[in-house]
Amino acid sequence: MSDAWRQRWQEGRIGFHRDAPHPALIEHWQALGSAPNAKVLVPLCGKSLDMRWLASQGHPVLGIEFVFEAVEAFLAASPAPVSRYVEPDFTIFRQGAVEVWHGDFFHLHLPQAAEIGAFYDRAALVALPTATRQRYAFHLAQLTPPGAKGLLVTLTHDQGDQGPPYSVDDAEVARLLAPNFRLEKLATSAPDERGRGESVWALERRGPRC
Ligand SMILES: C[S@@+](CC[C@H](N)C(=O)[O-])C[C@H]1O[C@@H](n2cnc3c(N)ncnc32)[C@H](O)[C@@H]1O
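Residues numbered from 1 in each chain as written. Predicted model: local features only at pLDDT ≥ 70, side-chain atom pairs only at ≥ 80, totals over all residues. Heavy atoms only, no water.

Attention now goes to the overall build of the chain. Counting secondary structure elements, the chain contains six helices and nine strands. Computed over C-alpha atoms, the radius of gyration of the chain comes to 16 Å, within 12% of the 17 Å expected from 2.2 N^0.38 for 210 residues, which places it in the range of a compact globule. When the backbone C-alpha atoms are referred to their principal axes, the chain occupies close to 40 × 40 × 30 Å. Across the 210 residues that make up the chain, the buried fraction comes to 46%. As displayed, the chain has an accessible area near 9,800 Å², and 52% of this comes from carbon and sulfur atoms. (Helix = DSSP H or I, 4+ residues; strand = E, 2+ residues; numbered from the N terminus. Rg over C-alpha atoms; globule rule 2.2 N^0.38 Å. Buried < 20%, exposed > 50% of the residue type's maximum accessible area, 1.4 Å probe, protein only. Areas by Shrake-Rupley, 256 points an atom, 1.4 Å probe, with all protein chains shown as cover.)

So, in structure tokens, the structure goes:
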């Protein structure tokens, strides 16, 4: 799986990357009511500018990405100095308030994630095939403390099981996440020219940890 993603990054097939913070993040983040200094987990972060936006709002950010080209590209986009340190299974690059953990999201475990207080998923759940989405939802719940708030951006399309991005409908979001999170759907956009419609969800981790 990581080879396929590495190849995409090496070949520049990263149409998911946006050159500006996602509008749903800007529109809905503050209303979630996360503590202003909560550390935000950004699983499968790519080189997303959403991490810089979250940092600009005062949040420490912990992004996780297993393709090194993506991590390098994120760091290269800012002249700010980078420090590097090592944890089991991860090399961590800190630039300002953003830490990018180079490694596999599924290898991140408590207590490494002990300080996480919020989370943001855009194009992470929908990047994973069906069987892995169940694992992702459970892992996210394990890493987030009761009361943690998060924003989730999903998408649907009509190309069946083809992906990434995979089509994840409302029923699947509820099935995967409702056992451990309170869910509120905030917005749905009309399908674009490729037939892809996005939905934005507010999540709050129920307690206790699973
Ligand atoms: C569709 S992209 C989304 C990136 C980012 N969230 C954004 O909005 O631009 C998914 C990213 O997750 C990374 N990825 C996939 N599986 C991963 C895993 N298990 N651990 C860490 N990164 C992963 C891929 O390399 C890719 O950069």
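And the narrative resumes.
A few words on helix 6 (residues 170-177). Residues of helix 6 that are buried: Glu172, Val173, Leu176 and Leu177. One side of helix 6 holds all its buried residues, which, seen down the axis, span an arc of 105 degrees. Of the residues in helix 6, the exposed ones pointing more than 90 degrees away from the buried face are Ala171 and Arg175. Structurally, helix 6 contributes buried residues whose contacts are with helix 5 (130-143), strand 7 (149-156), strand 8 (181-188) and strand 9 (197-205). (Arc of directions from axis to C-beta. Contact = heavy atoms within 4.5 Å.)

This next bit is on the UniProt feature "binding site: S-adenosyl-L-methionine" (unreviewed entry) in the chain. UniProt records the feature "binding site: S-adenosyl-L-methionine" (unreviewed entry) for Trp9, Leu44, Glu65 and Arg122 in the present numbering. For tryptophan 9, the position within the fold is in helix 1 (residues 2-10). A relative accessible area of 9% places tryptophan 9 in the buried class. Checked against the element boundaries, glutamate 65 lands in strand 2 (residues 61-65). Judged by relative accessible area, which is 8%, glutamate 65 ranks as buried. (UniProt positions renumbered as here; feature names shortened; annotations may be inferred.)

A few words now on the nonpolar core. By size, the foremost hydrophobic cluster in this structure holds 31 residues, and its most contacted members are Leu41, Ile64, Leu108, Tyr136 and Leu177. Those elements that provide at least two residues to this core are strand 2, strand 4 (90-95), strand 6 (116-122), helix 5, strand 7, helix 6 and strand 9. In this view, leucine 177 contacts Ala137, Leu152, Leu183 and Leu203; residues no more than four positions away in its chain are not counted. (Core = buried A, V, L, I, M, F, W, Y, C linked by side-chain atoms within 4.5 Å.)

Moving on: the side chain of histidine 28. As for its placement among the helices and strands, histidine 28 is situated in helix 2 (residues 23-32). Since its relative accessible area comes to 14%, histidine 28 is described here as buried. Residues contacting histidine 28, with those up to four places away along its chain left out, are Leu151, Leu186, Ala187 and Val200.

Counting buried positions along strand 9 yields seven of nine residues, so the element is predominantly enclosed. Two strands pair when backbone bridges link them, and strand 7 and strand 9 are joined in this way by eight bridges, in the antiparallel orientation. Its bridge partner being in strand 9, glycine 150 is matched across the sheet by leucine 203. Bridge analysis of strand 8 against strand 9 gives seven bridges, and the strand direction is antiparallel. Counterpart to phenylalanine 181 in the pairing with strand 9 is arginine 205. (Pairing = 2+ DSSP bridges.)

In space, the nine strands of this open sheet follow the order 3-4-5-2-1-6-7-9-8, with mixed pairing throughout. Where the open sheet ends on each side, the last strands, each with one partner, are strand 3 (82-87) and strand 8. Pairwise comparison of adjacent strand axes, ignoring direction, gives a mean angle of 25 degrees for this sheet. Note: strand 3 against strand 4, six bridges, orientation antiparallel. What sits directly across from valine 82, in strand 4, is glutamine 95. (Axes fitted to C-alpha atoms, helices over the stretch in contact; angles between N-to-C directions.)

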